[in-house]
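The residues making up each chain are set out below.
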Amino acid sequence: MRKSKALIFEMSRSGRRGYSLPSCDVPEKLVDELLPRKMQRSEPLELPELSEVDIIRHFTELSTRNFGVDTGFYPLGSCTMKYNPKVNEDAAVLPGFALMHPCQPLETVQGALELLYNMERGLKELTAMDRFTMQPAAGAHGELTGLMIIQAYHRHRGDHKRNKVLIPLSAHGTNPATVSMAGYEVVQVPCDDRGLVDLEALKEAVDDTTAALMLTNPSTLGLFEEEIIPMAKAVHEAGGLLYYDGANLNAIMGYARPGDMGFDVVHLNIHKTLSTPHGGGGPGGGPVGVKERLIPFLPVPLVDKKGDEYSFDYDLPNSIGKVHSFYGNFGVAVKAYTYMRMMGAEGLKQASTDAVINANYLMSLLKKIYHVPYDRICKHEFVVSAKPEKKKGAGAGDIAKALLDRNFHPPTVYFPLIVEEALMIEPTDTEAKETIDAFATVMEQISKDIDEDAEKVAHGPYNTVVGRLDEVRAARSPVLRWEKDKD
Ligand SMILES: Cc1ncc(COP(=O)(O)O)c(C=O)c1O
């Protein structure tokens, strides 16, 4: 049964109070002295009037409407919605970190600088890069920072002809968007019938106008780009650079490193790989790492250590400048660093092992029921096509709604674009076999429901707080504010 709930304003009853205070013992005259009359309200603010218990019930009920990793399975492909250990939060709210001000004198923030320094060492080890900036606030921000570094590098060498960035067809939407924002032209490289970048097509596309190849490995199909070494060779020989979109690093930590594959610039989505909070518009982290020759172009400052002292290095002659105030979202770095230290090198490798095993296990269950277009060993995620179900009357979006009805967050739908009716599924490393089995059972049940009554599935969901939304209107003209007497 769908829950329906009145707005807090509709629940309001005149004169009802959620607090009890002693009567005012300050003369009203004093109020006038403190706040000039012309600045005081002429009429009381129209706030909802409710009892304490009503307010508690209202907000507690609202909090249960949200779906998060802490409430259930969240196999949102490409997003690595893995569990964020609460110890990360404990570390980030330690007063020494949380109450610090970025303008404090250096000698009073040595611990924070040490953390950033050590975190950079860890990221360098994980990726085989030579230096990192922590400034970018998310993956897409890291992409822009990385492309600006690449642009600055080519310009510095007087190489002004390079105006194109190559991107495979399976790329995440932020990649072409970033390329355009950085003022480059997108050149799409097709995938072959294995779902991998077509090496011959890439070789044909590369020339002296190529600024970079932008790639995520494993790809958004969850497939490892086996020919990355010849790809890197082709791009480098033509004078271009390689950009690694690190969104999928969760699949290969401790096994393979982008720096060893030939990448020159890397961004990491620490909210995916290193378990810091994800989404909701909150602060994130997208550190960018580079190879030696690109260090002079990094944003300033970097953290340095001389003897036992930590300091900032602003001496980067060709720096692209700053891309975030101060040093990025420091609290997010504390969370990621805590995770890295709690896991250790072996633990991070194990996380990747588990992510890959979970994905392959779930794929083996689902391919008995659904069509898996690239049916080979996958990495952390795989893609199912609901094209046959769509023909019966209920496609990928409808399956997603049916999952919501059964308390599972749906996978990513309709992406990557090269798979029709795509459902991109990433179970992550933190899920138990029982949860994965339960998800597969529900997917099987949905498939049966489609066979029996596709029309019904196509009109779901039936158990959620709201039914089917007009997604275009919700995105283009959202109504985010309640206005009195509007309806
Ligand atoms: C492959 C890939 N690249 C880049 C991004 C962008 O990262 P962010 O959401 O942190 O901006 C994502 C996000 O889902 C992604 O999956």
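All values derive from a computational prediction rather than experimental measurement.

Definitions and cut-offs
Residues numbered from 1 in each chain as written. Predicted model: local features only at pLDDT ≥ 70, side-chain atom pairs only at ≥ 80, totals over all residues. Pairing = 2+ DSSP bridges. Helix = DSSP H or I, 4+ residues; strand = E, 2+ residues; numbered from the N terminus. Right-handed = clockwise from strand over helix to strand, strands pointing away. Axes fitted to C-alpha atoms, helices over the stretch in contact; angles between N-to-C directions. Parallel < 35°, antiparallel > 145°, perpendicular 65-115°, else oblique. Left-handed = near helix turned anticlockwise from the far one by under 90°. Contact = placed C-beta atoms within 7 Å. Nonpolar A, V, L, I, M, F, W, Y, C, P; charged D, E, K, R; others polar. Core = buried A, V, L, I, M, F, W, Y, C linked by C-beta atoms within 7 Å. Buried ≥ 20, exposed ≤ 12 C-beta atoms within 10 Å, placed from the backbone. Domains from an automatic or database assignment. Arc of directions from axis to C-beta.

**Q** What's the story with the pairing of strand β3 (residues 185-189) in this structure? I'm lost.
**A** Where a strand is regular, its side chains alternate between the two sheet faces. Bridge count for strand β2 (residues 164-168) against β3 is 5 bridges, and the pairing is parallel. In the strand pairing of β3, L166 is matched with V187. One crossover worth recording links β2 to the parallel β3 by way of helix α7 (residues 174-181), and it is right-handed.

**Q** Got a minute to help me understand the packing of helix α12 (residues 330-366) against helix α15 (residues 433-458) in this structure?
**A** Each pair of packed helices gets described by two things: the angle between the helix axes and the distance between those axes. Direction vectors running N to C along α12 and α15 enclose 25°, while the axes themselves pass 10 Å from each other. Relative to α15, α12 is oriented roughly parallel. By crossing handedness, the relation of α12 to α15 is classed as right-handed. From α12, N358, Y361, L362, L365 and L366 reach across to α15, where they touch I436, A440 and M443. Taken together, the residues that form the contact of α12 with α15 break down as 7 nonpolar, 1 polar and no charged.

**Q** Honestly, the sheet that holds strand β5 (residues 241-246) in this entry has me stumped. Any pointers?
**A** Within a sheet, adjacent strands bond to each other through the backbone by hydrogen bonds, running parallel or antiparallel. Read from one edge of the open sheet, 7 strands run β1-β7-β6-β5-β4-β2-β3, paired in mixed fashion. One side of each edge strand has no neighbouring strand; the edge strands of this open sheet are β1 (131-133) and β3. Strand-to-strand twist across the sheet, computed as the mean angle between neighbouring axes with direction ignored, equals 25°. Lying over the sheet, helix α6 (residues 139-156) contacts β4 (210-215), β5, β6 (265-268) and β7 (288-290), oriented at roughly 165° with respect to β6.

**Q** Any chance you could explain the sheet that holds strand β11 (residues 412-413) here in plain terms?
**A** If you trace the 3 strands from one edge of the open sheet to the other, you get β10-β12-β11, paired in antiparallel fashion. For this open sheet the edge positions go to β10 (382-385) and β11, each flanked by a neighbour on one side alone. As paired elements, β11 and strand β12 (residues 422-425) share 2 bridges and run antiparallel to each other. Paired with V413 across the two strands is L423, which belongs to β12.

**Q** In this structure, what is going on with the nonpolar core? I would like to understand it.
**A** Side chains of a nonpolar character, in soluble globular proteins, are inclined to be buried together. Membership of the largest hydrophobic core comes to 113 residues, with the highest contact counts inside it found for Y243, V265 and A333. When residues of this core are sorted by domain, at least three fall in each of domain 1 (86-343) and domain 2 (351-473). Ignoring anything within four residues of it in the chain, the contact list for Y243 reads G146, L147, I150, A212, L213, M214, F263 and V265.

**Q** How do you make sense of the domain arrangement of the protein when you look at a structure like this?
**A** The extent of an interface is frequently quoted as the accessible surface area lost upon association of the parts. Annotation of the protein at the domain level lists domain 1 (86-343) and domain 2 (351-473). Taken residue by residue, the interface counts 19 residues in domain 1 and 15 residues in domain 2. Looking at side-chain class alone, the side of domain 1 that touches domain 2 contains 11 nonpolar, 7 polar and 1 charged residues.

**Q** I'm lost on unusual backbone geometry in this one. Help?
**A** For the peptide bond that leads from N217 to P218, omega is 0°, which places it in the cis range. Within the element layout of this structure, P218 appears in the loop between β4 and α9 (228-237). The peptide bond linking V300 to P301 adopts the cis configuration, its omega dihedral lying at -5°. By secondary structure assignment, the location of P301 is in the loop between β7 and β8 (302-306). The backbone of F326 shows a phi angle near 50°, a positive value even though the residue is not glycine. Relative to the helices and strands, F326 is located in the loop between β9 (309-313) and α12. For E421, which is not a glycine, the phi torsion comes out positive at approximately 50°. Structurally, E421 can be placed in the loop between β11 and β12.

**Q** Before we go on, may I ask you to explain α9 in this structure?
**A** Think of an α-helix as turning once every 3.6 residues; residues three or four places apart then point the same way. For α9, the full list of buried residues reads I228, M231, A234 and V235. Down the axis of α9, the sector holding all buried residues measures 125°, keeping them to one side. More than 90 degrees from the buried face of α9, the exposed residues found are I229 and E237. If you follow the buried residues of α9, they end up packed against α8 (199-205), β4, β5 and α10 (258-261). One or two residues past the end of α9 sits G239, with phi positive at roughly 90°.

**Q** How do you make sense of the packing of helix α14 (residues 396-405) against α15 when you look at a structure like this?
**A** Their axes nearest at 10 Å, the elements α14 and α15 cross at an angle of 115°. Overall, the two elements α14 and α15 adopt an arrangement that is roughly perpendicular. Two packed elements cross with a definite hand, and for α14 against α15 that hand is right-handed. For the pair α14 and α15, contact is made by D398, I399, A402 and L403 and by V442, I446, D449, V457 and A458, respectively. Along the lines of polarity and charge, the residues of the contact of α14 with α15 split into 7 nonpolar, no polar and 2 charged.

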